[in-house]
Amino acid sequence: LTFEQAAAVPESAVVALQGLCDKGKIQPGQKVLINGASGGVGSYAVQIAKSFGAEVMAVCSTRNTDMVRSIGADYVIDYTQEDFTQNGQQYDLILAVGGNRGIAEYKRALAPKGIYVMVGGSSAAQMFQAMLLGPLHSRNGGKQMGSMMAQPNQKDLATVKELVDAGKVVPVIDKQYPLSEVPDAIRYLEAGRAQGKIVINLVNQESATVH
């Protein structure tokens, strides 16, 4: 990897891995839906889910559909054209890393013993619903719903490294900024339109991600 690619991997890829594996208990052959599939965590989640043998449905906006297909999504749902909570489909695992949907909507899209995991997003309401209402919803009907706080550790980082070395995970970098343009990078990130990661190039050629 280049310095820029390496800088874009650790945090987001580990979050995606833990959401899918530790909390989501992903299994081969499952139908997995990733809401927010074109962002930093989402782009890794698509690839990691595919590496575990899942059938991946990716939710993103129109401008990101080609990119999400290029990293391995089996099906792409353009949320400006289709509501994944209303199309009658149900999923074994839903990873919510973006969007602003209520927990009851996610529950409707879950298979009878499905698992919903909220790992990020800009909606405070979605976060609080997952944390506070998720355990209540989980008591009724066999569906598990909740949120996850990532726990960085060497073991998961080593797993990510193996996936990268095997070519099963490739960093997606939208833009690179010099250190002097960090404010512009943050504004672009906060606009919510980044595909994959944004990288800051430091003067000494080392890199750090904006996240």
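Residues numbered from 1 in each chain as written. Predicted model: local features only at pLDDT ≥ 70, side-chain atom pairs only at ≥ 80, totals over all residues. Heavy atoms only, no water.

## Some remarks on the packing of aromatic side chains
Across all of its chains, the model carries two aromatic pairs by this definition. With 5.9 Å between their ring centres and 45° between their planes, F84 and Y106 make a pair best called tilted. Here F84, found in the loop between strand 3 (75-78) and strand 4 (91-96), pairs with Y106, found in helix 5 (residues 103-108); they are 22 residues apart in sequence, far enough to count as distant. Across the pair, Y106 and F84 agree in class, each one buried. The ring of F84 carries the charged tip of R101 above its face, separated from the ring centre by 5.5 Å. Directly above the aromatic system of Y188 lies the positively charged group of K175, at a separation of 4.1 Å from the ring centroid. (Phe/Tyr/Trp six-rings, centres within 6.5 Å; stacked < 30°, edge-to-face > 60°. Helix = DSSP H or I, 4+ residues; strand = E, 2+ residues; numbered from the N terminus. Buried < 20%, exposed > 50% of the residue type's maximum accessible area, 1.4 Å probe, protein only. Lys NZ or Arg CZ within 6 Å of the ring centre and 35° of its normal.)

## A short note on the environment of E181
Residue placement: E181 occurs in the loop between strand 7 (173-178) and helix 8 (182-190). On the basis of relative accessibility, which here comes to 33%, the residue E181 falls in the partly exposed class. The spatial distance from the C-alpha of E181 to the C-alpha of N201 is 9.7 Å, given a sequence separation of 20 residues.

## Points about the nonpolar core
L20 and I34 are the most contacted members of the largest nonpolar core, which has 40 residues in total. Breaking this core down by element, the ones donating at least two residues are helix 2 (10-23), strand 1 (31-35), helix 3 (40-51), strand 2 (55-60), helix 4 (65-70), strand 4, strand 5 (110-118) and helix 7 (154-165). Residues in contact with I34, not counting those within four places in the same chain, are G42, A45, V46, A49, V56, M57, A58, V59, L95 and V97. Among the nonpolar cores identified, the runner-up in size contains 15 residues, and Y91, A96, L110 and M118 belong to it. (Core = buried A, V, L, I, M, F, W, Y, C linked by side-chain atoms within 4.5 Å. Contact = heavy atoms within 4.5 Å.)

## Quick notes on the pattern of salt bridges
One pass over the structure, following the stated rule, counts six salt bridges. A salt bridge links D66 to R69; its shortest N-O distance comes to 3.6 Å. Taken together, the residues D66 and R69, both in helix 4 and three residues apart, mark about one turn of the helix. You can call R69 partly exposed: its relative accessible area is 47%. Note that D165 and K161 form a salt bridge whose closest N and O atoms lie 2.6 Å from each other. On the criterion of helical spacing, the pair formed by D165 and K161 is a turn pair, its members being four residues apart in helix 7. A relative accessible area of 54% means that D165 is categorised as exposed. Each of D83, R101 and E105 takes part in a single network of salt bridges with overlapping partners. (Salt bridge = Lys/Arg side-chain N within 4 Å of Asp/Glu carboxyl O.)

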